[in-house]
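These are the residues of each chain, in order.
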Amino acid sequence: MWFILGSLLITSAWALDATERIQKIKIIRVLSDNIVMLDRGREDGIYKNDHAKLSQEEGGYSARAICIRVSANTSYWRLYRIPYAETISKDLMYTLVGMS
């Protein structure tokens, strides 16, 4: 019983924390409805329903996103706040900053 309860509490602690930064992220695919596939996943501490800011060094803040699907090495994010659409590109490297 205690083992099950403990594992449930620990699982939520592995999610992307507020202000946690994951650098050098690349967009693999761009899908319809503002969905992008990133090259980071569960191994990097990303879980479904995580909120994050996507930014780059040169352009700064690019978008806010919510994780809608995750696997071991990739994750799908729905971009919901995009102030400058031209800053979203498969050619750029990004930093993912967690938000609570």
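A. Fine view of the sheet that holds strand 4 (residues 60-70). Pairing is antiparallel around the closed barrel formed by six strands, whose spatial order is 1-2-5-4-3-6. Averaged over neighbouring strand pairs, the angle between their axes works out to 45° when direction is ignored. Across five bridges, the pairing between strand 3 (residues 51-56) and strand 6 (residues 93-99) is antiparallel. The partner of His 51 across the bridge, within strand 6, is Met 99.

B. Quick peek at the pairing of strand 4. Here strand 3 pairs with strand 4 via six bridges, running antiparallel. If you follow Ala 52 over to strand 4, its bridge partner there is Ala 65. For strand 4 and strand 5 (residues 75-81), the ladder comprises six bridges, and the chain directions are antiparallel. Bridge pairing links Ala 65 to Leu 79 in strand 5. Between the antiparallel neighbours strand 4 and strand 5 lie four residues.

Rules used throughout
For every chain, the first residue of the written sequence is number 1, and numbering continues from 1 onward in sequence order. Note on the predicted model: pLDDT of at least 70 is required for a residue's local features to be given, and 80 or more for side-chain atom pairs to be given and counted; whole-chain, interface and lining totals, by contrast, use all residues. As a convention, hydrogens and water are excluded, and side-chain values are obtained from all of the structure's heavy atoms. DSSP bridges decide pairing: two strands pair if at least two such bridges lie between them. What counts as a helix is a DSSP run of H or I of at least four residues, what counts as a strand is a run of E of at least two, and both are numbered from the N terminus. Fitting a line to C-alpha atoms yields each axis, with helices limited to the stretch in contact; the angle taken between N-to-C directions then spans 0 to 180 degrees.

Keep in mind these values describe shape, not function.
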